[in-house]
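Descriptive structure summary
Next come the chains, spelled out residue by residue.
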Amino acid sequence: MSNPIFGVIFDLDGVIVSTDNCHYLAWKRMADEEGIYFDRTINERLRGVSRMESLEIILERAQRPYTDDEKQAMAARKNAYYVELIGSLTRADILPGALDTLSYLKERGVKVAIGSSSKNTPIILRQIGLENAFDAVADGNAITHSKPDPEVFLKAAAALALPPACCAVVEDAKSGIEAARRGGFRAIAYTPTPRRLTNADAEIHTLTELLV
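Scope of this entry: the structure provided in the associated data block. Owing to the predicted nature of the structure, the values given are computational and were not obtained by experimental measurement.

A few points about the overall build of the protein chain
Counting its regular elements, the protein chain contains 8 helices and 6 strands. Secondary structure of the protein chain in N-to-C order comes out as β-α-α-α-α-α-β-α-β-α-β-α-β-β. With the C-alpha coordinates of the protein chain rotated into their principal frame, the extents come out at 55 × 35 × 30 Å. For the protein chain, the proportion of contacts with a sequence separation of at least 24, taken over those separated by at least 6, is 62%. Put simply, the protein chain shows about 10200 Å² of open surface, and 51% of that area lies on carbon and sulfur atoms. Charge separation in the protein chain, taken as the distance between the mean sites of 25 positive and 29 negative side-chain charges, equals 1 Å.

Next up, the structure:
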């Protein structure tokens, strides 16, 4: 019998707000400057992956090796482009059903948190007006291991003062689902477009499916 759920931990990008295109455009600009081929198919492999790991995927098509210092500079350049792009985010960019779902859970005494590998989480939440909407936020600034390591979700659960078994994780990426499973959480795959995420305990296509 499943444990009752007292907390829900949401990934940020692609679940609460869509910044996918901002990421893509920033990586694309950086890759183009370096003469490295990059398209939206490759971009799909970056879902839920840390900045430096994403860069390594992009560099698979590079024509020359890059030093660690060059890689750090490239990642910083991409992030500067990304921060510039997310500066235009507003409350209108919150994904459908997110606000209703958060209100519903809070009204029923369920704690809510963000568990994101993004170091830009505070900026994004501030831009969309949700900086005070969650009981806890764990992000890339507080972890040393990115998904599929469960560290970010474990930190979020600890901040909620709840054991993982009593928390559900809502994720749109395979690495996030794997992280949730490794950490002992109930893993809910959020797939608004047909895209099967294996190993999830449940799959939803709209956030309002949580309102049951």
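Focus: the packing of helix 3 (residues 51–58) against helix 4 (residues 68–86)
For any two helices packed against each other, the geometry comes down to the angle between their axes and how far apart the axes lie. Here helix 3 crosses helix 4 at 105°, and the two axes come no closer than 10 Å. For the element pair helix 3 / helix 4, the angle class is roughly perpendicular. Contacts from Arg-51, Met-52, Leu-55 and Glu-56 in helix 3 reach Lys-71, Gln-72, Met-74, Ala-75 and Asn-79 in helix 4. Residues belonging to the contact of helix 3 with helix 4 are distributed by class as follows: 4 nonpolar, 2 polar and 3 charged.

Side note on the packing of aromatic side chains
Evaluated as defined, the whole model comprises 2 aromatic pairs. With a centroid separation of 6.1 Å and 70° between ring planes, the pair formed by Phe-153 and Phe-185 is classed as edge-to-face. One end of the pair, Phe-153, is in helix 7 (residues 151–160); the other, Phe-185, is in the loop between helix 8 (174–183) and strand 5 (186–190), and 32 residues separate them in sequence. Phe-153 sits in the buried class, given a relative accessible area of 0%. Residue Phe-185 is classed as buried on the basis of its relative accessible area of 4%. The lysine or arginine in question, Arg-64, covers the ring of Tyr-66, its NZ or CZ lying 3.9 Å from the ring centre. Over the aromatic face of Tyr-82 sits the side chain of Lys-78, whose NZ or CZ is 4.6 Å from the ring centroid.

Quick look at the nonpolar core
Among the nonpolar cores identified, the biggest contains 49 residues, and Phe-10, Ile-16, Phe-134 and Val-170 are the most heavily contacted of them. Per element, the largest residue contribution to this core is 6 residues, and it comes from helix 1 (residues 20–34). When neighbours within four sequence positions are excluded, Ile-16 is seen to be in contact with Phe-10, Asp-11, Asp-93, Ile-94, Leu-95, Ala-98, Ile-114, Ile-128, Leu-130 and Phe-134. Residues Ala-136, Ala-138, Ala-157 and Phe-185 belong to the second largest nonpolar core, which totals 19 residues.

What counts and what doesn't
Residues numbered from 1 in each chain as written. Predicted model: local features only at pLDDT ≥ 70, side-chain atom pairs only at ≥ 80, totals over all residues. Heavy atoms only, no water. Helix = DSSP H or I, 4+ residues; strand = E, 2+ residues; numbered from the N terminus. Contact = heavy atoms within 4.5 Å. Areas by Shrake-Rupley, 256 points an atom, 1.4 Å probe, with all protein chains shown as cover. Lys, Arg positive; Asp, Glu negative; His and termini not counted. Charge placed at Lys NZ, Arg CZ, Asp CG, Glu CD. Axes fitted to C-alpha atoms, helices over the stretch in contact; angles between N-to-C directions. Parallel < 35°, antiparallel > 145°, perpendicular 65-115°, else oblique. Nonpolar A, V, L, I, M, F, W, Y, C, P; charged D, E, K, R; others polar. Phe/Tyr/Trp six-rings, centres within 6.5 Å; stacked < 30°, edge-to-face > 60°. Buried < 20%, exposed > 50% of the residue type's maximum accessible area, 1.4 Å probe, protein only. Lys NZ or Arg CZ within 6 Å of the ring centre and 35° of its normal. Core = buried A, V, L, I, M, F, W, Y, C linked by side-chain atoms within 4.5 Å.

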